[in-house]
Amino acid sequence: MPQVTASPYDFELDQEKAALLIIDMQRDFVEPGGFGESLGNDVALLRPTIAPLRALLAVARASGLFVIHTREGHKSDLSDLHETKRVRGRAPLMIGDEGPMGRILVIGEPGQDIIPELYPVAGEAVIDKPGKGAFYNTELADIVAARGLTQLIVTGVTTEVCVHTTVREANDRGIDCLVLSDCTGSYFPEFHETALRMVAAQGGIFGWVSDSASVIATLTAPAAPAFRKDMGATP
Ligand code: TIU
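Since the model is a prediction, treat every value here as computed from it, not as a measurement.

Draft legend 1. How the structure looks around the site of the ligand. In the vicinity of the ligand, the contacting residues are Asp24, Phe29, Phe35, Leu39, Glu72, Lys132, Val157, Thr158, Val161, Cys162 and Tyr187. In this structure, aspartate 24 approaches the ligand through a side-chain N or O atom, which is 2.7 Å from a nitrogen atom. With respect to the ligand, the side chain of glutamate 72 contributes an N or O atom lying 2.9 Å from a nitrogen atom. Expressed as a share of its isolated accessible area of 280 Å², the protein-covered part of the ligand is 92%. Classifying every residue of the shell around the ligand by side-chain character gives 7 nonpolar, 1 polar and 3 charged.

Draft legend 2. The arrangement of unusual backbone geometry in detail. Residue proline 8 is reached from serine 7 by a cis peptide bond, and omega for that bond is 10°. Turning to its location among the elements, proline 8 is positioned in the loop between β1 (3-4) and β2 (11-12). In the segment running from valine 157 into threonine 158, the intervening peptide bond is cis, with an omega of -15°. With respect to the helices and strands, the residue threonine 158 is situated in the loop between β8 (151-157) and α6 (159-172). Phi at leucine 105 takes a positive value of approximately 55°, unusual for a residue other than glycine. Residue position: leucine 105 is located in the loop between β6 (102-103) and β7 (125-129).

Draft legend 3. Up close: helix α5 (residues 140-147). Listed in full, the buried residues belonging to α5 are Leu140, Ile143 and Val144. Projected down its long axis, α5 carries its buried residues within an arc of 100°, all on one side. Opposite the buried face of α5, at more than 90 degrees from it, the exposed residues are Asp142, Ala145 and Ala146. In the stretch just after α5, glycine 148 is the one whose phi turns positive, near 65°.

Basis of the calculations
Residues numbered from 1 in each chain as written. Predicted model: local features only at pLDDT ≥ 70, side-chain atom pairs only at ≥ 80, totals over all residues. Heavy atoms only, no water. Near = heavy atom within 4 Å. Polar contact = N/O pair within 3.5 Å; in protein donor to acceptor, adjacent residues only side chain to side chain. Areas by Shrake-Rupley, 256 points an atom, 1.4 Å probe, with all protein chains shown as cover. Nonpolar A, V, L, I, M, F, W, Y, C, P; charged D, E, K, R; others polar. Helix = DSSP H or I, 4+ residues; strand = E, 2+ residues; numbered from the N terminus. Buried < 20%, exposed > 50% of the residue type's maximum accessible area, 1.4 Å probe, protein only. Arc of directions from axis to C-beta.

Right under this line is the structure:
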């Protein structure tokens, strides 16, 4: 089994049972005028995650690794939005309010969509999630079960909020999580560092921490189709 250099020890990657999970790389978190900025954050702090994620995504696609994107968001009638979440933060623009990129964090609005740099392609799963964790009230557990996934390569934003919540949920569901330091990001650099340390501490209490270069170095291209003797040509 190929080994990915990781902390607290190398991660045995089983490409057949692994997926790349890209959490909430949405305009609402990464671009000005969205939910992230309305909470008082500097969205520029998340942008360094984009280039390494883009490179990793290209290699994942070429190697046939299954890709899952999530988008935090709510139905247009907000029936899946707890009042506690709606009012949290006392932000000038709350979830469901009209902003420069459409209604904040509402499914189908421009701001709720994935950023163009990482836009999903056909065959990739796109999961809308009403909570911080990607398993809460979503089809992710069904996808994981149907595909027999036991490993998630976890990326996206923000490290200590949706990434951490999802890693904890996955860990309790028997899934090994490999969290990539350069493909995750936070509005608070110190929270990012601490959140990653929390994953790998105590012998990997929630999972492993690695980076995109280590995963790219380990991912292999899908096996070439076997040469068919009956086709008559030489390979
Ligand atoms: N505010 C913040 O750091 N994060 C979120 O609200 N959602 C995600 O992390 N995706």
